[in-house]
Amino acid sequence: MFRSLHMKLVLIMVLLIISLMTVVGAFLMNAVVRYYLDDFNTRMSSMFSAQDLYEDLTIPYDGEANGVEGLQDVLRANMGELGVDGRTRYYFILDGTTGAYLAGSDDQLGQNLDKSPNVLRALATGEPATGSDITADFMDVAIPITRGEVTYIIQIYDNRQTVTELNGSIFMLIIQALIFGLISSVLLSFLLAKTMITPIERLTAGAKRVASGDFRKLEVGSKDEIGVLTATFNSMSRQLQATIREAENERNKLDTLFLHMTDGVVAFSQEGGVIQKNPAAEDMLGRPILPEDTYEGLFGDLAPLEQILRLEQPGYQEIEQTVGNRTLDLLLAPFDQESGQGGVMVVIHDVTTQRRNEEMRREFVANVSHELRTPLTNIRSYAETLVDSAGDIPPAMEKNFLGVILNESDRMTHIVQDLLTLSRFDSGRSELKLERFSFQVAVRDIYNAVLMDAQRHGHTLTLDLSPDIPDIVGDRDRVLQVMMNVVSNAIKYTPDGGQIAISAGRNPLRVWMEVSDNGIGIPASDRPRIFERFYRVDKARSRESGGTGLGLSIAKEIVDRHEGIIFLVDRPGPGTTIRIELPIEGPAHGK
Ligand code: ADP
């Protein structure tokens, strides 16, 4: 109930009333005393200056001996005008030279009374003395009178009882007014509290609500300063809400970006604790990043935290690291150095494919150079021999040499053609000429085309076609090229007199063709690599049979383009089985 502001208000009101009443009371009581004092002095002055009284006092009666009696008679006769009542005001007749009490309206009081300052002054000067000290508890006048030969002093003495009584009443009145004032001030403070403190309290409650995130508008109850304050508060909270919403929006965007970005990001505090991390980072590092993980534990062996923190922005440190079979490029940079609340951000970029491609490119160039150099060296050495021994060698040998030269240049042409085909695939310049054709007929055509060659090698070539093979959409020539390559390999890598089986069929969405042989087979360690460019299990044997090591990689490119698959069937026993599967309706995007 008595909250601080309310209490203060009551206290202020009470103090105000008390001080007001005290000042008013003091002034009033002082004014009353002064009024009475002035009134007394004026009255006495006018009484004694009046001719009648003064004359009556100074002119003695004929033959009268006792002046005091005469004086007393005159004074008694004027008691009414002088206000002498014997209770509050008295007259005393004093000796004009000694100031001793001679007679008066109250002998007991007169005899015991000390000489007042006025009496002393009148004795000293012989002049009437008026004017009393406001602080004294009495007021008096002393008038010297010469009656005949003798001098007297008439003292009119007032004990101020009237004033004291009046002041007492005033005091009581002020106390009553004070009590009344205090009661009304407390009531008034309640009223004030209702009109002033309640809106402030409402505003305070609203501010608390806003601080806790509830931005509902406050009701503006008045047009006064508090009303203006409430309206200002409302607009401030509106702005705050908009700003917070904007910041949240930004944060959400960043969070989403952070969550789905392909680069891994881990942020550390200055002390090395994990502040943020995204799934990509965990995936690349191949381990979960837990809250208790530290920079030291994760990247400490690559670069010390202090070293990164000391870097000047936009400086960063780049480090390549291998994690499992991945090559990671790590960028370590400090952030928010000025605020003192920054830390270190580690951005992880997976460069495995990039590095592998670079490696493959290097290997490829080396392979190409090597593949071309071998026939070139052969051509050169045979040509040199022919030139050097011009006419010396027998014609049969010469023909043989020329045959080798022709063969080698054919091989080079073959390699260059294959390379051009691959390069066209790589650059996307080679487009498939899609058409609907009979897959069954294509397989049969291949069978017929290689039959002679197979028989020459003493192979048994069989063909097993399911009756339900449908027409498919594809580039017929390219598909035939793939089939031919696979079947030729089977013939090439099977010692004479082998078994080669071609079969084909369909499943719901695809057609397939399998070529199996019982030849030299492919060792398990080489199996994953035979579709790579220039990869050959036995280089010499491949070269002997006119192979370039590019056939299967071209076949794979073509099948990929058709959105089909070509793979080595994992089958026990000697020999090799290669399977091709192609979608019946062709590649979805029609390339
Ligand atoms: P190449 O021109 O040398 O035949 P390919 O790309 O067609 O090149 O084949 C790659 C390698 O795969 C060959 O060198 C060979 O070692 C191996 N290979 C392919 N088919 C067979 C098969 N049927 N039997 C054994 N090895 C094979």
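Residues numbered from 1 in each chain as written. Predicted model: local features only at pLDDT ≥ 70, side-chain atom pairs only at ≥ 80, totals over all residues. Heavy atoms only, no water.

## A few points about the overall build of the protein
Condition: In this description a helix means any DSSP run of H or I spanning at least four residues, a strand means any run of E spanning at least two, and both kinds are numbered starting from the N terminus. A radius of gyration in this sense is built from C-alpha atoms; the matching globule rule multiplies 2.2 Å by the number of residues raised to 0.38. Residue contacts are counted whenever heavy atoms from the two residues lie within 4.5 Å of one another. Only the protein chains shown count as cover for residues, with accessible areas throughout obtained via the Shrake-Rupley method and a probe of 1.4 Å. In this charge count, Lys and Arg are treated as positive and Asp and Glu as negative; neither His nor the chain ends contribute. Each charge is placed at NZ for Lys, CZ for Arg, CG for Asp and CD for Glu.
Along its length, the protein carries 17 helices and 16 strands. In terms of overall size, the protein is more extended than a compact globule, its C-alpha atoms giving a radius of gyration of 65 Å where 591 residues would be expected to give roughly 25 Å. Dimensions along the principal axes, computed over C-alpha positions, put the protein at roughly 210 × 60 × 40 Å. When contacts within the protein are restricted to residue pairs at least 6 apart in sequence, long-range pairs at least 24 apart make up 60% of them. For the protein, the computed accessible surface area is about 33700 Å², with 57% contributed by carbon and sulfur atoms. The protein carries 57 positive and 81 negative side-chain charges, and their two centres are separated by 13 Å.

## Here we look at the pairing of strand S2 (residues 101-104)
Put simply, the rule reads: At least two bridges found by DSSP between two strands are what make those strands a pair.
Bridging between strand S1 (residues 89-95) and S2 involves three bridges; their strand directions are antiparallel. When the sheet's bridge partners are listed, Phe92 is paired in S2 with Gly104.

## Here's the deal with the pattern of salt bridges
Spelled out, the test is: A carboxyl oxygen of Asp or Glu within 4 Å of a side-chain nitrogen of Lys or Arg is what we treat as a salt bridge. When a residue's accessible area, from a 1.4 Å probe over protein chains only, is under 20% of the maximum for its type it is buried; when over 50% it is exposed; and in between it is partly exposed.
Inspection of the entire model under this criterion finds 29 salt bridges. Between Lys253 and Glu250 there is a salt bridge; the shortest N-O distance is 3.2 Å. With Lys253 and Glu250 both in helix H8 (residues 225-260) and three residues apart, the pair spans about one turn of that helix. What makes Glu250 partly exposed here is its relative accessible area of 42%. Arg287 serves as the salt-bridge partner of Asp293, at 2.7 Å between the closest nitrogen and oxygen. Among the residues examined, Asp293 registers a relative accessible area of 14% and is labelled buried. Taken together, the salt bridges that share partners define one network made up of Arg510, Glu514, Arg571, Arg579 and Glu581.

## Quick notes on the UniProt feature "domain: HAMP" (unreviewed entry) in the protein
Going by this rule: UniProt positions are given in the numbering used here, feature names are shortened, and annotations may be inferred rather than shown by experiment.
Per the UniProt entry, the sites bearing "domain: HAMP" (unreviewed entry) are residues 194-245 in this numbering. Secondary structure across residues 194-245 comprises 75% helix and 0% strand; the distance between its end C-alpha atoms is 36 Å.

## Details of the packing of helix H15 (residues 476-492) against helix H17 (residues 551-561)
Heads up, the rule is: Axis geometry follows a simple rule: fit a line to the C-alpha atoms, using only the stretch in contact for helices, then measure angles between N-to-C directions, giving values from 0 to 180 degrees. Each crossing gets its handedness from the near helix: less than a right angle anticlockwise from the far helix is left-handed, clockwise is right-handed. Only Asp, Glu, Lys and Arg are considered charged in this grouping, and only Ala, Val, Leu, Ile, Met, Phe, Trp, Tyr, Cys and Pro are considered nonpolar; every other residue, Gly among them, is considered polar.
Relative to each other, H15 and H17 sit at 145°, their axes nearing to 9 Å. Considering how the two elements wind past one another, H15 and H17 form a crossing that is left-handed. Seen from H15, the contacting residues are Arg478, Gln481, Val482, Asn485, Val486 and Asn489; seen from H17, they are Gly551, Leu552, Ile554, Ala555, Ile558 and Val559. Of the residues belonging to the contact of H15 with H17, the class tally is seven nonpolar, four polar and one charged.

## What about the packing of helix H7 (residues 161-211) against H8?
Here is the rule: Throughout, the term roughly parallel applies to angles under 35 degrees, roughly antiparallel to angles over 145, roughly perpendicular to angles from 65 to 115, and oblique to all others.
Two elements in contact, H7 and H8, have axes whose closest approach is 11 Å; the angle formed by their N-to-C orientations is 5°. As judged from the angle between their axes, H7 and H8 are roughly parallel. Mapping the contact onto sequence places Met196, Pro199, Ile200, Leu203, Gly206, Ala207 and Val210 in H7 and Ile226, Leu229, Thr230, Phe233, Ser237 and Leu240 in H8. Split into classes, the residues belonging to the contact of H7 with H8 amount to ten nonpolar, three polar and no charged.

## Notes on the pairing of strand S14 (residues 510-517)
Of all the eight residues making up S14, seven are buried; the element is thus mostly covered by neighbouring parts of the structure. In the sheet, strand S13 (residues 499-506) pairs with S14 via seven bridges, with the strands oriented antiparallel. Counterpart to Ala504 in the pairing with S14 is Met513. Counted between consecutive antiparallel strands, the loop separating S13 from S14 contains three residues. Alignment of S14 against strand S16 (residues 577-583), held across seven bridges, turns out to be antiparallel. Across the sheet, residue Met513 finds its bridge partner in S16, namely Ile580.

## Details of the sheet that holds S2
Where strands meet in a sheet, backbone hydrogen bonds hold them as pairs that are either parallel or antiparallel. Read across the open sheet, the four strands follow the order S2-S1-S4-S3; overall the sheet is antiparallel. Single-partner strands in this sheet number two, and they are S2 and strand S3 (139-147). This sheet shows a mean twist of 25° between the axes of neighbouring strands, independent of strand direction. Where S3 lies against strand S4 (residues 150-158), nine bridges are found, and the strand directions are antiparallel. Bridge pairing links Ile145 to Tyr152 in S4. Strands in contact with helix H6 (residues 117-125) are S1, S3 and S4; relative to S3, the strand with the most contacts, it is inclined by about 25°.

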